[in-house]
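Here are the chains, one letter per residue:
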Amino acid sequence: MEYFVLYLIIVSAISAIAVTIDKIAARNGSRRISEKSLMVLSVIGGGVAMYITMRIIHHKTRKNKFMVGIPVIVMLQLALTAIIYFNFFYKF
């Protein structure tokens, strides 16, 4: 369990940094981080941090792919986590 929490912290930090770097790149007109890469970071566990960072720095907030997609991904991850948790710890 400790390793899982550490994993989530690391992926969340990477996700927040990636969104911030993409925002800076967008302002400067330099090379951007692909939307696919950002979505993959969300899928592998960085969705909450990415969504919060996007809202704080106002990046990708006009794109439904991110503003709807990331919360849906997070909800699915929470549901899957709950199912796995209850099946593992509360077997009848």
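Residues numbered from 1 in each chain as written. Predicted model: local features only at pLDDT ≥ 70, side-chain atom pairs only at ≥ 80, totals over all residues. Heavy atoms only, no water.

### Points about the packing of helix α2 (residues 35–57) against helix α4 (residues 69–89)
This is how the line gets drawn: To obtain each axis, a line is fitted to C-alpha atoms, and for helices this fit is confined to the stretch in contact; angles are then taken between N-to-C directions over 0 to 180 degrees. Strands are runs of DSSP state E lasting at least two residues, helices are runs of H or I lasting at least four, and both sets are numbered from the N terminus onward. Small angles under 35 degrees read as roughly parallel and large ones over 145 as roughly antiparallel, with 65 to 115 read as roughly perpendicular and the rest as oblique. Throughout, a crossing is termed right-handed when the near helix is turned clockwise from the far one, and left-handed when it is turned anticlockwise from it by less than a right angle. We call two residues contacting when some pair of their heavy atoms lies within 4.5 Å. Residues were grouped as follows: Ala, Val, Leu, Ile, Met, Phe, Trp, Tyr, Cys and Pro as nonpolar; Asp, Glu, Lys and Arg as charged; and all remaining residues, including Gly, as polar.
Closest axis-to-axis distance for the α2/α4 pair is 9 Å, and the angle between their directions is 120 degrees. Considering their axes alone, α2 and α4 lie oblique with respect to each other. Helix-helix and strand crossings are classified by hand; for α2 and α4 the assignment is left-handed. Across the interface between the two elements, M39, S42, V43, I44, G45, G47, V48, M50, Y51 and M54 of α2 pack against I70, P71, I73, V74 and Q77 of α4. Considered class by class, the residues forming the contact of α2 with α4 number 11 nonpolar, four polar and no charged.

### Considerations on the environment of S37
For clarity, the threshold we go by: By the criterion applied in these results, polar contacts are pairs of N or O atoms within 3.5 Å in which, for protein atoms, one can donate a hydrogen and the other can accept it, and in which residues neighboring in sequence qualify only through two side-chain atoms.
Examined against the element boundaries, S37 turns out to sit in helix α2. Residues S37 and Y51, 14 residues apart in the sequence, show an inter-C-alpha distance of 14 Å. Within polar-contact distance, the side chain of S37 engages the side chain of S34 at 2.8 Å.

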